[in-house]
Amino acid sequence: MLLQLSTQRPQARDLSYLLHKHPDRVQSVEIPSGRAHIFYPQADDQVCTVCLALDINPVRLARDNRQNAADFALGDYVNDRPYVASSYLSVALAKAFSTAMNGTCQSKPELVGVEMPFQVRIAVLPAPKGGEPLIRSLFEPLGYTVQLTRHTLDSEFPEWGDSRYYTLALTGEQTLQTLLSHLYVLIPVLDSRKHYWVSEAEVEKLLEKGKDWLENHPENAQITRRYLKGLHRLTRRALDRLQAVEDVPKPEEVGEEAPNTEATEHKVRLHDQRLLLAREELKAAGAESVLDLGCGEGRLLKLLMNEKQFTRILGMDVSYRSLEIAKGRLHYDTLPPKQKDRLTLMQGALTYRAHRLEGYDAAAIVEVIEHLELDRLESFEWVVFGHARPRTVVLTTPNREYNQIFETMDPATFRHTDHRFEWTRKEFADWVTLVGETHGYEAVIKPVGEVVENVGAPSQMAVFTLKKDESAE
Ligand code: SAH
């Protein structure tokens, strides 16, 4: 993946001072799963061009993501990530040009505020749904002339038609800092497959990088939503802050770190999103003792153990092997006694009543029910909602409607061979209502993952709360 940034003006070579990168040297920085190389094909008094070449290692890409199960088996290996402008490009920009992004230039500070004529070329830009009009609607309001060249799927077979990849050329006059902030925000906006660790930190980054332009951008809602991967709560919060822009804290107030986003650029696969959301819900419910039912290999348990709020945690699964893996992940055998006391692991089936599950504040049941036979579901409901009866139950299951988005998936199958059913949003909502009515819980349903129009999100979550009059009994 190649980004070229060029300016044509007297003393064009000054650009290298602003970029804080020597024009006669090739330099490299580490980025997640690879390296970015910075070099100047031309740097003289008329023209200065700097290139940022991303060298993403596909093997590292797959290996770095191994712990986060892919949504389809070969997804880690067969993808366009090494070749296209993606969220990795933003990391590379922030790392390679951090001084310029911060608006500092020690040797020639007077250059920082100078608007220069720039040409930017991004070799391969994937267009999400919305395509060319979407790309234009992001850059044109910022004063760029946009030139897009769409690539065919395969030049040997023109009859196959166009691909979703473009070469983007931007021309405009900006300060370097502003230009970099545009690219930093808008490239991940176009990267619908990015897997950020999307947290509060991203809201701060978006508002900070967009502080001079996002508020007045006609597409600011769309930019915010896409930048934050469609997470409603964060998007709402960011938009509220944008609208009340005088409340946006200055970078120094939010303790803005050097713009090295590496730490927050962990890939968050759908499953991690689910687990993090589940943990947030348990925390927000004020639970201190929690059950993780169908805890599998202990990923959620690990997240729960990291939170002091949870003083008593029980993980249960029917699979002995999974529990053994969970033990390894949690370093169970070598945990200090105080930590070990917080955690219980037990083998058991969710379709049989167990007294040990009673007396907990909350339960998480993440991607488990679809593994149960439909005719055992009622027993499960009694075990959890009838007998264990925690105040809060956080439960997730796939949204079958979303399967059509997985292009390689046969619509007649389920996402995993062990799934006994997968529900549409309506089927899930009906079940949630029925369980609530039968056992005295009220429930809220939330999407997990990016919401696609008419299809919904890849996964769905219900947060059940025991009704007040029921818990008083
Ligand atoms: N909650 C975990 C694991 C999900 S996979 C996570 O999100 O990472 C589903 C898990 O449910 C598997 O570990 C499987 O062993 C477990 N499971 C399936 N049927 C079960 C049952 N009847 N009782 C308890 N666990 C069950």
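The coordinates are above.
Residues numbered from 1 in each chain as written. Predicted model: local features only at pLDDT ≥ 70, side-chain atom pairs only at ≥ 80, totals over all residues. Heavy atoms only, no water.

Caption draft 1: Representation of the overall build of the chain. Helix and strand counts for the chain stand at 16 helices and 14 strands. Taken across its 473 residues, the chain has 51% of its residues classed as buried. The long-range fraction of contacts in the chain, counting pairs at least 24 apart against all pairs at least 6 apart in sequence, stands at 73%. Taken as a whole, the chain presents about 22,200 Å² of accessible surface, with 50% of it coming from carbon and sulfur. (Helix = DSSP H or I, 4+ residues; strand = E, 2+ residues; numbered from the N terminus. Buried < 20%, exposed > 50% of the residue type's maximum accessible area, 1.4 Å probe, protein only. Contact = heavy atoms within 4.5 Å. Areas by Shrake-Rupley, 256 points an atom, 1.4 Å probe, with all protein chains shown as cover.)

Caption draft 2: Fine view of the site of the ligand. Residues in close proximity to the ligand total 16 residues, the closest being His271, Gly294, Asp317, Leu350 and Val366. When the ligand sits alone it has 570 Å² of accessible area, and the protein chains cover 83% of it. When grouped by side-chain class, the residues that make up the shell around the ligand number 8 nonpolar, 6 polar and 2 charged. (Near = heavy atom within 4 Å. Nonpolar A, V, L, I, M, F, W, Y, C, P; charged D, E, K, R; others polar.)

Caption draft 3: The packing of helix α6 (residues 176–190) against helix α7 (residues 200–209), seen in detail. Following both chains from N to C, one finds α6 and α7 inclined at 145°, their axes separated by 9 Å at the closest point. Both α6 and α7 take part in a crossing whose hand is left-handed. Two secondary-structure elements touch here, α6 through Ser181, Tyr184 and Val185 and α7 through Lys205, Leu206 and Lys209. Residue composition of the contact of α6 with α7, by class: 3 nonpolar, 1 polar and 2 charged. (Axes fitted to C-alpha atoms, helices over the stretch in contact; angles between N-to-C directions. Left-handed = near helix turned anticlockwise from the far one by under 90°.)

Caption draft 4: The arrangement of the pattern of salt bridges in detail. What the rule picks out here adds up to 28 salt bridges. Notably, a salt bridge pairs aspartate 24 with arginine 13, separated by 3.5 Å at the nearest N-O pair. Separated by 11 residues along the polypeptide, aspartate 24 in the loop between α1 (15–19) and β2 (27–31) and arginine 13 in the loop between β1 (2–8) and α1 bring together distant segments of the chain. Judged by its relative accessible area of 57%, aspartate 24 falls in the exposed class. One salt bridge connects arginine 164 with aspartate 80, and the closest N-O pair in it is separated by 3.0 Å. Of the two residues, arginine 164 sits in strand β7 (residues 162–174) while aspartate 80 sits in the loop between α2 (58–64) and α3 (87–96), which places them 84 residues apart along the sequence. (Salt bridge = Lys/Arg side-chain N within 4 Å of Asp/Glu carboxyl O.)

Caption draft 5: Quick peek at the side chain of aspartate 80. The buried category is assigned to aspartate 80, whose relative accessible area is 15%. Among the polar contacts listed, one links the side chain of aspartate 80 to the side chain of tyrosine 165, at a separation of 2.6 Å. (Polar contact = N/O pair within 3.5 Å; in protein donor to acceptor, adjacent residues only side chain to side chain.)

Caption draft 6: Here's a closer look at helix α9 (residues 232–243). Spanning 12 residues, α9 covers 16 Å between terminal C-alpha atoms, matching the ideal 16 Å at 1.5 Å per step. Those residues of α9 lying buried are Leu234, Thr235, Ala238, Leu239 and Leu242. All buried residues of α9 project into a common sector of 130° when viewed along the axis, lining one side. Here the buried face of α9 lies against α7 and α8 (220–227). (Expected span 1.5 Å × (residues − 1). Arc of directions from axis to C-beta.)

Caption draft 7: Spatial organisation of the sheet that holds strand β8 (residues 289–293). Read across the sheet, 7 strands follow the order β10-β9-β8-β11-β12-β14-β13 without closing on themselves; strand pairing throughout is mixed. Pairing within the sheet leaves two strands with one partner each, and these edge strands are β10 (343–347) and β13 (441–448). Neighbour to neighbour, the strand axes of the sheet diverge by 15° on average, direction disregarded. By the bridge criterion, 3 bridges tie β8 to strand β11 (residues 362–366) in an arrangement that is parallel. By the bridge assignment for β11, leucine 291 is matched with alanine 363. (Pairing = 2+ DSSP bridges.)

Caption draft 8: Focus on the sheet that holds strand β4 (residues 47–56). Here 7 strands make up an open sheet; going across it, the order is β2-β3-β4-β1-β5-β7-β6 and the pairing antiparallel. The open sheet terminates on both sides in strands that have one partner only, identified here as β2 and β6 (145–152). Taken over all neighbouring pairs, the strand axes of this sheet differ in orientation by 15° on average, direction set aside. α3 contacts β1, β2, β3 (34–43) and β4 of the sheet and is inclined by roughly 125° relative to β4.

Caption draft 9: Up close: the packing of aromatic side chains. Tallied over the entire structure, the rule returns 10 aromatic pairs. Each member of the aromatic cluster is reached from another via a ring pair, and the members are Phe385, Phe421, Trp423, Phe428, Trp431, Tyr441 and Phe464. Between the NZ or CZ atom of lysine 108 and the centre of the ring of tyrosine 17, over which it lies, the distance is 4.7 Å. Across the ring face of tyrosine 332, the terminal group of lysine 340 is positioned such that the distance to the ring centre comes to 5.0 Å. (Phe/Tyr/Trp six-rings, centres within 6.5 Å; stacked < 30°, edge-to-face > 60°. Lys NZ or Arg CZ within 6 Å of the ring centre and 35° of its normal.)

Caption draft 10: Geometry of a nonpolar patch on the surface. Judged by side-chain polarity, Leu74, Tyr77 and Val78 come together as a nonpolar surface patch covering roughly 330 Å² of accessible area. Relative to the helices and strands, leucine 74 is located in the loop between α2 and α3. Leucine 74 gets classed as exposed once you look at its relative accessible area, which sits at 52%. (Patch = residues over 30% accessible without salt bridge, like charges linked within 9 Å, V, L, I, M, F, W, Y side chains within 5 Å.)

Caption draft 11: Broad picture of the side chain of arginine 415. Relative to the assigned elements, arginine 415 resides in the loop between β12 (392–398) and α15 (425–439). Of the side chains with opposite charge, glutamate 422 comes closest to the buried, unpaired arginine 415, at an N-O distance of 4.5 Å. In this structure the side chain of arginine 415 is engaged in a polar contact, spanning 2.9 Å, whose partner is the backbone oxygen of proline 458. Aside from chain neighbours lying at most four places away, what touches arginine 415 is Leu270, Arg274, Pro398, Asn399, Tyr402, Asn403, Phe406, Met409, Glu422 and Pro458. (Lys, Arg positive; Asp, Glu negative; His and termini not counted.)

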